[in-house]
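# Reading the structure
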Amino acid sequence: PFQPLLSPPRFSTSRPGRAQEQRQRQRQRRALSERRLTRYFVDHRKVRVVGGQGGAGGHSFYSEPRKIFGGPDGGNGGDGGHVILKADQQMKSLSSVLPFYQGFHGGKGGSKNCYGANGAYVYVKVPIGTLVKEDGKVVADLSQHGEEYVAAYGGAGGKGNRFFLSNENRAPTLFTPGEPGQDRILHLELKTTAHAGLVGFPNAGKSSLLRAISRAKPAVAAYPFTTLNPHVGIVHYQDYEQVAVADIPGLIKGAHQNRGLGVAFLKHIERCRFFLYVVDLSVPQPWIQLQDLKYELEQYEKGLSERPCVVIGNKIDLAESRINLPLLREQVAERVIALSALTGDNLEELLWHLRELYDTYVKTEQSRGQSPVKW
């Protein structure tokens, strides 16, 4: 059930208009602009991780009345704690990841053969779809909720003098310190994981469409590059299935050459299982948009444009769009769904076809023996 982000204001009757002022202040606090949100969206992070140091071994000899030479009884030190990256579906950005993490140190070995306590693990929550790279090589791909990767192992605990007892040395004084933890420099890179990706040029209506079919609230305005970071909206169905749709910031010609927003957001398309190409029906020759979009995807990654897709002709409420719609259907081989994200016309057809694409994806993954991504 929906829970409000802020508690309801407490109204006061001491001054006229006080309740209205509090409502207005509350709305201002709740409404974060798109530009302010970009400060919190981080899709790459450099982090140093160091495992905890192992505890030193104990050095002691057992002694009690009538048993002076009880022998060595120094226990081993505890192992240092690991630093573990854990994928969490509640996390949407790498903004909360700090530049440095270190595991807890192990405890020192005690007398009476008591081992030192192991250091506690440090868990770092990262979004689903986080790639972990070291020296340019991918060492982990956290694509499932709850998936873990040990980023830095803790050091082994040292040996107490009891460990060195032998027939040749009945009173060893040797003990070893704990080993240092693993020290690594990792690069975290977030690639948005969603079932469907909205692909289109700026001002094609992707953000308006995502608002219409889900509860996501990307910014909408009459200027290009309104969306400055990817948004993921969830489409709910009556059988409790949920389809994730990602609004990728608008591409332009030459995006694969890092023009415009460039490859900074092209990488978020890689994880999408199928695409929803959004074209503006009101412009002349809208099929040219589809050709350019597929070309940019293919230049970025070979085979990307061949994934299952549907073409969405947006802004059907305009007169020019009704003229261009039959021409678009003649020029493209894919299925074309004409709709209006502004008025909500023909959204039902899109939702039904979106579910068909999702069901096909699920069956394909299950036939391969793999588990499909669930939201």
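Quick look at the structure, then. Treat the numbers as computed from the prediction; the structure is a model and nothing was measured.

Along a regular strand, successive side chains alternate from one face of the sheet to the other. Side-chain alternation along strand 4 (residues 122-126) places V122, V124 and V126 on a buried face and Y123 and K125 on a face that remains uncovered. The pairing of strand 2 (residues 83-87) with strand 4 spans five bridges and is parallel. Its bridge partner lying in strand 4, I84 is registered against Y123.

If you look at the biggest cluster of nonpolar residues, it comprises 27 residues, and the most contacted ones within it are V199, I269, F275, Y277, L297 and L328. Sorting the residues of this core by element identifies strand 11 (242-247), strand 12 (274-280), helix 5 (287-300), strand 13 (309-314), helix 6 (319-331) and strand 14 (336-338) as the ones contributing at least two each. Counting 26 residues, the second largest nonpolar core, distinct from the first, contains A196, Y237, L276 and L354.

Summarising the sheet, strand 10 (residues 231-236) and strand 11 pair through six bridges and their orientation is antiparallel. Each bridged residue has a counterpart across the sheet, and for H236 the counterpart in strand 11 is Q242. The antiparallel hairpin formed by strand 10 and strand 11 contains five residues in its connecting segment, where Y240 sits at a positive phi of about 70°.

The next thing to look at is the packing of aromatic side chains. The final tally for this structure, using the stated rule, is three aromatic pairs. Seen from their ring centres, F163 and F164 are 5.3 Å apart, and the 90° between their planes marks the pair as edge-to-face. Its relative accessible area of 25% is what places F164 among the partly exposed residues. Consider the rings of Y358 and Y361, whose centres lie 6.4 Å apart with planes at 50°: the pair is tilted. One end of the pair is Y358 and the other is Y361, both in helix 7 (residues 347-367) and three residues apart, which spans about a single turn. Neither Y358 nor Y361 differs from the other in exposure class; each is buried. Taking NZ or CZ as reference, K86 lies 5.9 Å from the ring centre of Y123, over its face.

The next point concerns the sheet that holds strand 10. The six strands lie next to each other as 10-11-9-12-13-14, forming an open sheet whose pairing is mixed. Looking at which strands have only one partner, the edges of the open sheet turn out to be strand 10 and strand 14. Sheet twist, expressed as the average angle between the axes of neighbouring strands with direction ignored, equals 25°. Strands strand 9 (196-199), strand 12 and strand 13 of the sheet are contacted by helix 5, whose axis makes an angle of about 140° with strand 12.

Right, let's talk about the environment of L339 for a bit. Along the polypeptide, L339 turns up in the loop between strand 14 and helix 7. For L339 and S321, which are 18 residues apart along the polypeptide, the C-alpha to C-alpha distance reads 10.0 Å. Among all residues touching L339, those that are not within four sequence positions of it are L209, I312, G313, N314, K315, I316, D345, N346, L347 and L350.

Here is what the cut-offs are and how they apply
Numbers given for residues are sequential positions, taken from 1 along each chain in its written order. Local features in this predicted model are restricted to residues whose pLDDT is 70 or higher, and side-chain atom pairs enter the listing and the counts only when it is 80 or higher, whereas totals over whole chains, interfaces and linings include all residues. Excluding hydrogens and water, the side-chain values take into account all heavy atoms of the structure. Buried residues are those whose accessible area, probed at 1.4 Å on protein chains only, stays under 20% of the maximum for their type, while exposed residues exceed 50% and partly exposed ones sit between those limits. A run of DSSP states H or I qualifies as a helix once it reaches four residues; a run of E qualifies as a strand once it reaches two. Both are numbered from the N-terminal end. At least two bridges found by DSSP between two strands is the condition for calling them paired. Definition used in this section: a nonpolar core is a set of buried Ala, Val, Leu, Ile, Met, Phe, Trp, Tyr and Cys residues joined via side-chain atoms within 4.5 Å. Centres within 6.5 Å are what make two rings of Phe, Tyr or Trp a pair, Trp counting through its six-membered ring; a difference in plane orientation under 30 degrees is then read as stacked, over 60 as edge-to-face, and the rest as tilted. Note on criteria: charge over ring means Lys NZ or Arg CZ within 6 Å of the ring centre, with the direction from the centre no more than 35 degrees off the ring normal. Helix axes are fitted only over the stretch in contact, all axes being lines through C-alpha atoms; the angle between N-to-C directions runs from 0 to 180 degrees. Whether two residues are in contact is decided by their heavy atoms: any pair within 4.5 Å suffices.

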